[in-house]
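# Topology and contacts: notes
Below, each chain spelled out in residue letters.
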Amino acid sequence: MVKEHDNLDSHGEQTLSLRLRVWRQSRGAAGHFEDHALAAVPTSASFLEMMDMLNEQLIKEGKDTFAFDHDCREGICGMCSMTINGMPHGPLPGVTTCQLHMRNFRDGEMITVEPWRAKAFPVIKDLAVNRSAFDKVIQAGGFITVRTGSATEANNTLIPKSVADEAMDAAECIGCGACVASCKNGSAMLFVGAKINHLNILPQGQPERERRTLAMVKTMDDAGFGNCTNYGECQAHCPKSITLDVIAKLNRDYLRARVKEFFSSTGKPRKGGD
Amino acid sequence: MSACSCCRPASIGKKIVMALSGLVLAGFVLGHMSGNLLMFKGPEAINAYAAWLHANPGMLWGARVVLILSTVAHIWTGVLLTLENRAARAGGPAVEATRRATLSSRTMPYSGVVILAFLVFHLLHYTFRTVALGGQEFGDKVYEMVVAGFSQPAVAGFYIISMILLCLHLSHGISSVFQTLGLRNERWRGRLDAVATAYGWLIALGFISIPLAVLLGCIK
């Protein structure tokens, strides 16, 4: 936290001098940490603005900038992805990196910034990782089938408030990947659980319910994500505070889908039977 | 991409096998511990109990087959999960921060390996009776055999340490069984964690009481 006697800038705002250890990696090559000093960082700056300042300093010095993902910068797109001092999205629970402000750091602090670390999220460059494994999971079952063209009357399908709330809580997932990065197993169960919970409990999600669950879990496994062993780190690092309840529900739905698949009827009599 | 995704068991499938086999083993240790406490009732009680078990070979071997299958399934899924999870992490971050994962959850593979080593020793010790008994023959005298076994502080110490690790293993394992079978939520998580920890301590203290009583001379 900021101390009383810290430096002030021309607007009277407190500023920080930081030591940064940032991950540098080119595609296909092995990576390493690079040390940089950055002065006069306003405490009101977001973490991404601090990274912008570092890149501006590097441009002035004629050096290569650090690549990092960002888009909306208002905590809803899920693009920003940095592990800050070992914590995905940094030390403040329940926020994305873009909503993390420098007032949460001390003057003179050493900050280590690295990309999401997981086999399923290969590094593209520096801090930017390829999260298309999540897109593949969504393609496998993160949809519902509806007739398009003429919207039906919304009140034709009644949904209890509690169910709508539960689905909405799960739908808060922005697919940033912090669950995978924080998991000591590199597991994507919180992400997949959120998507399953979002769609499987609503009436519109019922037709594809079993197929969705099996397909999304298979795609998750094939992408090289690890297995959940109930550490609970994902919930503690999720910027949307999605709970382990979605994983319990995913486990339950998977078991249900497997049992239904196992005992499914072909509609025809057994060959050679009577 | 996995080299063999077609024949690889699904992640949740492995977890369900691990949970169910763990549940069988967790139930067994409660039965085993309850039987052991007959040591405090005297030689006649425990020796009669042991004789009764051996007089029912159908039941004994039925239980043994279920236990052997559960142990193999538990170890097999444990090894697969550990290796796959290590590979999926890709080395992990240079700075490792832990917000919530408990000590017991992070040490499951290690406590598991020690418990397996203990299990091998324990079977050689009291089932096959080939180690740490000084070559003595005890026959049906289980009480005398246990007293002789635990009179050696190193043996009793190993049993006690292993049971503390079993407590650690159970305190994460029991709660995880509910999560893996989808029978847990935020409201019940804390309560189930407490039940799991209490169960772990119940089992560990029940087992530890016997070597401790022998060492302290309460059982002779």
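Residues numbered from 1 in each chain as written. Chains lettered and ligands numbered in written order. Predicted model: local features only at pLDDT ≥ 70, side-chain atom pairs only at ≥ 80, totals over all residues.

Looking only at helices and strands, one finds eight helices and seven strands in chain A. Referenced to the eigenvectors of the C-alpha coordinate spread, the extents of chain A come out at roughly 85 × 45 × 40 Å. Sorting the 274 residues of chain A into buried and exposed places 46% on the buried side. When contacts within chain A are restricted to residue pairs at least 6 apart in sequence, those whose partners lie at least 24 apart make up 70%. (Helix = DSSP H or I, 4+ residues; strand = E, 2+ residues; numbered from the N terminus. Buried ≥ 20, exposed ≤ 12 C-beta atoms within 10 Å, placed from the backbone. Contact = placed C-beta atoms within 7 Å.)

In terms of regular secondary structure, chain B is built from eight helices and zero strands. What you see in chain B, going N to C, is helices and strands ordered as α-α-α-α-α-α-α-α. Seen along its three principal axes, the alpha-carbon backbone of chain B occupies a region of about 60 × 35 × 35 Å. Across chain B, contacts joining residues at least 24 apart in sequence account for 77% of those joining residues at least 6 apart.

Another point: unusual backbone geometry. Positive phi is not limited to glycine here, since Ala40 of chain A has a value of about 55°. On the secondary structure map, Ala40 of chain A appears in strand 2 (residues 32-42). Under the C-beta neighbour-count criterion, Ala40 of chain A is labelled partly exposed, with 13 such atoms within 10 Å. Phi is positive for Ala90 of chain B, close to 55°, though the residue is something other than glycine. Within the secondary structure, Ala90 of chain B is located in the loop between helix 3 (57-89) and helix 4 (103-106).

Residue and element names in this part refer to chain A. Looking at the assigned domains, one finds that chain A contains domain 1 (15-114) and domain 2 (131-262). Between domain 1 and domain 2, the C-alpha centre-to-centre distance is 30 Å. Listed as interface residues are 13 residues of domain 1 and, on the opposing side, eleven residues of domain 2. Looking at the side of domain 1 that touches domain 2 residue by residue, the classes come out as six nonpolar, seven polar and no charged. (Domains from an automatic or database assignment. Nonpolar A, V, L, I, M, F, W, Y, C, P; charged D, E, K, R; others polar.)

All names here are of chain A. Buried within helix 2 (residues 132-141) are the following residues: Ala133, Phe134, Val137, Ala140 and Gly141. In a view along the axis of helix 2, the buried residues occupy a sector of 115°, so they form one face of it. Next to the buried residues of helix 2 lie helix 5 (189-200) and helix 6 (209-222). (Arc of directions from axis to C-beta.)

Here we come to the nonpolar core. Membership of the largest hydrophobic core comes to 79 residues, with the highest contact counts inside it found for Cys179, Val180, Leu190 and Val192 of chain A. When neighbours within four sequence positions are excluded, Cys179 of chain A is seen to be in contact with Ala188, Leu190, Phe191, Cys234, His237 and Cys238 of chain A. (Core = buried A, V, L, I, M, F, W, Y, C linked by C-beta atoms within 7 Å.)

Attention now moves to the interface of chain A and chain B. A common way to state how big an interface is: give the accessible area lost once the parts meet. With 39 residues of chain A at the contact, the number on the chain B side is 39 residues. Where the side of chain A that touches chain B is concerned, the elements lending two or more residues are strand 5 (110-114), helix 6, helix 7 (233-237) and helix 8 (245-262) of chain A. Here the side of chain A that touches chain B is composed, by residue class, of 13 nonpolar, 15 polar and eleven charged.

Sheet analysis places strand 1 (residues 15-24) of chain A next to strand 5 of chain A, joined by four bridges and oriented parallel. Among the inter-strand pairings, Leu20 of chain A is bridged to a residue of strand 5 of chain A, identified as Ile111 of chain A. (Pairing = 2+ DSSP bridges.)

Residue and element names in this part refer to chain A. Spatial strand order, 2-1-5-3-4: five strands in an open sheet with mixed pairing. At either margin of the open sheet sits one strand with a lone partner, and together these are strand 2 and strand 4 (87-88). Here strand 3 (residues 83-84) runs beside strand 4; their pairing, made up of two bridges, is antiparallel. Looking across to strand 4, one finds that Ile84 is bridged to Met87.

Right, let's get into the packing of helix 2 of chain A against helix 6 of chain A. In a packed pair of helices, the relevant descriptors are the angle between the two axes and the axis-to-axis distance. Residue and element names in this part refer to chain A. At a minimum axis distance of 8 Å, the contact between helix 2 and helix 6 shows a crossing angle of 160°. Put simply, helix 2 runs roughly antiparallel to helix 6. The hand of the helix 2/helix 6 crossing is right-handed. Listed contacts from helix 6 to Lys136, Val137, Ala140 and Gly141 of helix 2 are Arg211, Arg212, Ala215, Met216, Thr219 and Met220. (Axes fitted to C-alpha atoms, helices over the stretch in contact; angles between N-to-C directions. Parallel < 35°, antiparallel > 145°, perpendicular 65-115°, else oblique. Left-handed = near helix turned anticlockwise from the far one by under 90°.)

Looking now at helix 1 (residues 47-60) of chain A. Residue and element names in this part refer to chain A. For helix 1, with 14 residues, the first-to-last C-alpha span of 20 Å sits near the 20 Å given by 1.5 Å per residue. Looking only at helix 1, the buried set comprises Phe47, Leu48, Met50, Met51 and Leu54. The buried side chains of helix 1 occupy one side of the element, clustering within an arc of 155° when seen end-on. Set apart from the buried face of helix 1 by more than 90 degrees, the exposed residues are Glu56, Ile59 and Lys60. Buried residues along helix 1 sit against strand 1, strand 2 and strand 3. Immediately downstream of helix 1, the backbone of Gly62 shows phi near 75°, a positive value. (Expected span 1.5 Å × (residues − 1).)

A few words on the environment of Gly62 of chain B. If you trace the backbone, Gly62 of chain B turns up in helix 3. On a C-alpha basis, the gap between Gly62 of chain B and Asn36 of chain B in space is 20 Å, while along the polypeptide they are 26 residues apart.

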